[in-house]
Amino acid sequence: FAVPEDEDEETDEDGLPWTHTPVLAGQFIPPPTLDEARLALVDLRLTIQPPRSKGGYKDPKLDLLLRSRLEKM
């Protein structure tokens with residue numbers, strides 16, 4: 001069974017090829033800024049509890065393991 005070459009290429013949510021540089025041992029990666037962390041928290045909350053247009057929240061259809069890991073972030 002052969003996997004076509006284009007299927008094993010990692011892509012982002014828009015289907016574009018992964019462009020981040022790989023992390024190398026001993027390479028310093030600075031933490032996110034406070035603004036970046038706040039934006040990430042907003043994204044996590046919207047992922048866990050997407051709002052409905054008429055109040056309340058939609059079911060995001062996440063399995064319990066993924067949901068618990070997202071909540072711990």
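Notes on the structure in this doc start here. If you're wondering where the values come from, they're calculated on a predicted model, not measured in any experiment. (Residues numbered from 1 in each chain as written. Predicted model: local features only at pLDDT ≥ 70, side-chain atom pairs only at ≥ 80, totals over all residues. Heavy atoms only, no water.)

The next subject is the pattern of salt bridges. For the coordinates displayed, the defined rule picks out two salt bridges. The partner of Asp-35 in a salt bridge is Arg-38, and the shortest N-O contact between them spans 3.4 Å. Linking Asp-35 with Arg-38, this pair stays in helix α1 (residues 34-48), spanning three residues, or about one helical turn. In this structure, Glu-71 and Arg-67 form a salt bridge, with 3.1 Å as the shortest nitrogen-oxygen distance. Remark: Arg-67 and Glu-71 occur in helix α2 (residues 64-72); sequence separation between them is four residues, near one turn of the helix. Looking at Glu-71, the relative accessible area reads 47%, which means it is partly exposed. Overall, Arg-67 belongs to the partly exposed group, its relative accessible area being 24%. (Salt bridge = Lys/Arg side-chain N within 4 Å of Asp/Glu carboxyl O. Helix = DSSP H or I, 4+ residues; strand = E, 2+ residues; numbered from the N terminus. Buried < 20%, exposed > 50% of the residue type's maximum accessible area, 1.4 Å probe, protein only.)

Two numbers describe how α1 lies on α2: the axes approach to 10 Å, and their chain directions differ by 150 degrees. It follows from the interaxial angle that α1 and α2 lie roughly antiparallel. Crossing geometry of α1 relative to α2 is assigned as left-handed. Every residue of α2 that contacts α1 at Leu-44, Thr-47 and Ile-48 is listed here: Arg-67, Leu-70 and Glu-71. When the residues that make up the contact of α1 with α2 are grouped by side-chain class, the tally is three nonpolar, one polar and two charged. (Axes fitted to C-alpha atoms, helices over the stretch in contact; angles between N-to-C directions. Parallel < 35°, antiparallel > 145°, perpendicular 65-115°, else oblique. Left-handed = near helix turned anticlockwise from the far one by under 90°. Contact = heavy atoms within 4.5 Å. Nonpolar A, V, L, I, M, F, W, Y, C, P; charged D, E, K, R; others polar.)

Just geometry here; none of it tells us what the structure is for.
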